[in-house]
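Listed below are the residues making up each chain.
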Amino acid sequence: MMTAKHLYIKTYGCQMNVYDSGRMADILQPLGYELTETPEGADLVILNTCHIREKAEEKVYSDLGRIRPFKNDKMILAVAGCVGQAEGAEIMRRAPYVDIVLGPQTYHRLPEMIARAERGRDKRKGPGRGVLEVDFPVESKFDHLPEERYERGSTAYVAIQEGCDKFCTFCVVPYTRGAEYSRPVQSIYDEVARLTLGGVKEITLLGQNVNAYHGRAAGGQTGEWGLGKLMAHLATLTGLTRIRYMTSHPRDMDEELMAAHRDIPAVMPFLHLPVQSGSDRILDAMNRKHTRGHYLEIIEKLRQYRGDIALSSDFIVGFPGETERDFEDTLDLIRDVQYAQAYSFKYSPRHGTPGALMDKQVPEDIKTERLAVLQDLLNMQQQAFNAACVGQTLPVLLDRKGKKEGQYLGKTPYLQSVYVEAPASVFGRLVDVKIEKASANSLTGPIVKVEAFLQ
Ligand code: SAH
Ligand code: SF4
Ligand code: F3S
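Residues numbered from 1 in each chain as written. Chains lettered and ligands numbered in written order. Predicted model: local features only at pLDDT ≥ 70, side-chain atom pairs only at ≥ 80, totals over all residues. Heavy atoms only, no water.

### Looking at the site of ligand 1
Close to ligand 1 lie 16 residues, the nearest being Phe170, Gln208, Gln276, Asp314 and Ser348. Within the backbone of Phe170, one N or O atom sits 3.0 Å away from a nitrogen atom of ligand 1. Within the side chain of Gln276, one N or O atom sits 2.7 Å away from an oxygen atom of ligand 1. Contact with the protein chains hides 89% of the accessible area of ligand 1, taken as 540 Å² for the molecule alone. Mapped onto the shell around ligand 1, the elements with two or more residues apiece are strand S15 (310-317) and strand S16 (341-346). Per-class residue counts for the shell around ligand 1 are six nonpolar, five polar and five charged. (Near = heavy atom within 4 Å. Polar contact = N/O pair within 3.5 Å; in protein donor to acceptor, adjacent residues only side chain to side chain. Areas by Shrake-Rupley, 256 points an atom, 1.4 Å probe, with all protein chains shown as cover. Helix = DSSP H or I, 4+ residues; strand = E, 2+ residues; numbered from the N terminus. Nonpolar A, V, L, I, M, F, W, Y, C, P; charged D, E, K, R; others polar.)

### Structural notes on the environment of Leu35
Within the secondary structure, Leu35 is located in strand S2 (residues 33-35). Its relative accessible area of 45% is what places Leu35 among the partly exposed residues. Between the C-alpha atoms of Leu35 and Ser439, which are 404 residues apart in sequence, the distance is 35 Å. Setting aside anything within four residues of it in sequence, one finds Leu35 in contact with Leu7, Ile9, Ala25 and Tyr150. (Buried < 20%, exposed > 50% of the residue type's maximum accessible area, 1.4 Å probe, protein only. Contact = heavy atoms within 4.5 Å.)

### Overview of the packing of helix H10 (residues 292-305) against helix H11 (residues 324-337)
Packed helix pairs are characterised by how far apart their axes lie and by the angle those axes make with each other. Where H10 contacts H11, the two axes come as close as 11 Å, and the packing angle between them is 10°. If you check the angle between H10 and H11, you find them roughly parallel. Facing H10, whose interface residues are Arg292, Tyr295, Leu296, Ile299 and Arg303, H11 presents Asp329, Asp332, Leu333, Asp336 and Val337. For the contact of H10 with H11, the residue count by class is five nonpolar, no polar and five charged. (Axes fitted to C-alpha atoms, helices over the stretch in contact; angles between N-to-C directions. Parallel < 35°, antiparallel > 145°, perpendicular 65-115°, else oblique.)

### Brief notes about the sheet that holds strand S18 (residues 407-411)
Reading across the sheet, the seven strands line up as S21-S22-S19-S18-S17-S20-S23 and stay open at both edges, with mixed pairing between neighbours. Looking at which strands have only one partner, the edges of the open sheet turn out to be strand S21 (437-438) and strand S23 (447-450). Of the pairings in the sheet, the one linking strand S17 (residues 393-401) to strand S20 (residues 430-434) comprises five bridges and is antiparallel in character. Looking at the pairing, Thr393 lines up with Lys434 of S20. (Pairing = 2+ DSSP bridges.)

### Observations concerning the packing of aromatic side chains
Any pair of aromatic rings gets described here by the distance separating the centres and the angle formed by the planes. Counting across every chain of the model gives seven aromatic pairs. Measuring from centroid to centroid gives 5.5 Å for Phe167 and Tyr175, while their planes differ by 75°, and the two rings are edge-to-face. Phe167 gets classed as partly exposed once you look at its relative accessible area, which sits at 38%. Tyr175 gets classed as partly exposed once you look at its relative accessible area, which sits at 39%. Pairing Phe315 with Tyr339 gives two aromatic rings, centres 5.6 Å apart and planes at 85°, and the pair type is edge-to-face. Of this pair, Phe315 sits in strand S15 while Tyr339 sits in the loop between H11 and S16, and the two are 24 residues apart along the sequence. There is no split in this pair, since Phe315 and Tyr339 are both buried. (Phe/Tyr/Trp six-rings, centres within 6.5 Å; stacked < 30°, edge-to-face > 60°.)

Okay, here's the thing in structure tokens:
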């Protein structure tokens, strides 16, 4: 029998990284690696990193410094993800005790990299001899991933699209994730079918530009399907009651996708549609290739199709050249849309992106001020959205355990977190909760109904 080896994975960044970490664990399980909670004493440590803003990147180097004291002859230390892709050689130089650096497109080759690192470790004399795999291979990793080995619970992520060809002038993703790629419909369908058989009731379809999805058609049809059609196909799977998707780009919100929110009951009434800025001048400088007007038209149409749809967005404040007037335009757009939730960031100049070289960089203190004003407004809207749910009965999928005994957490269709006190038998089930209290970040109330077991 194989003795168990311990694998510690730390995940930074977006949901795609969370999905990738799960798949790395799946790949390594047949080699005898079992997941563990701490890096101390682990045989293999993987940092699955994010490069999106400077802070995310710095975190990796400080965590490497923290792990270094535990690093012994037995431990293999790997840096995966977007920092690995962007800074491979630099990591090897700054942290020569790292054994493997790999990018997001090569993790299906991990077993081979580990074997090489193990062989090399004995011979390795100095720095710079580690394993570096940051190319964009011609084969797709999706064709080389094993079936899922670990249980996913009642909710799961499924990557359906990866990469980005849009080149917003602030963003590193096109460089770290490479060109757009869509998985064939059948391969996604098979993965979701396995997940639902294992008890998954809700899936979130992932992609850097998930609504640019155009995968090879299934069922003997020729051509490609878009995201709307893919979701209609997945919705036929028994047991799958909720479908979400992220992250979308305004330019790819086509009619079929918008209509899916009206026509497919499993498609949740929630959309994360980043706009970044409410000023046409700044949208142009960001190379977003859409206007404020176009974004607002999409929102209006979605609300016609699905009156209760909840909206979310990402915002960047302090992009180069952003004036007080541009910033006001962003606040104005937010007041116009009324968001259920949103993420907002200070612009972080990234090496190798056009934005970093632009004139009129905005001073840090102005960015800080603008972010505070913007977040106040967004928080108020989130609070108002949550407060409006008090008195309603909402379906909640209880997929997480709370910190306290007997406490369970789940999401409403609108992606709000709900806490309930309940017996353990509700875990993983869809329940109706009568919302009695709302705060900025969560809702709570008694369970009034538990779903019947699905056949
Ligand atoms: N593909 C998605 C978002 C990917 S990155 C889209 O097109 O919207 C997630 C978010 O991080 C972005 O929406 C943006 O708001 C933020 N972001 C990306 N690069 C950034 C930078 N250099 N500085 C600050 N925020 C950034
Ligand atoms: Fe980045 Fe823009 Fe691509 Fe989104 S669409 S990943 S923000 S370049
Ligand atoms: Fe970060 Fe890469 Fe995701 S840069 S946000 S982990 S695509």
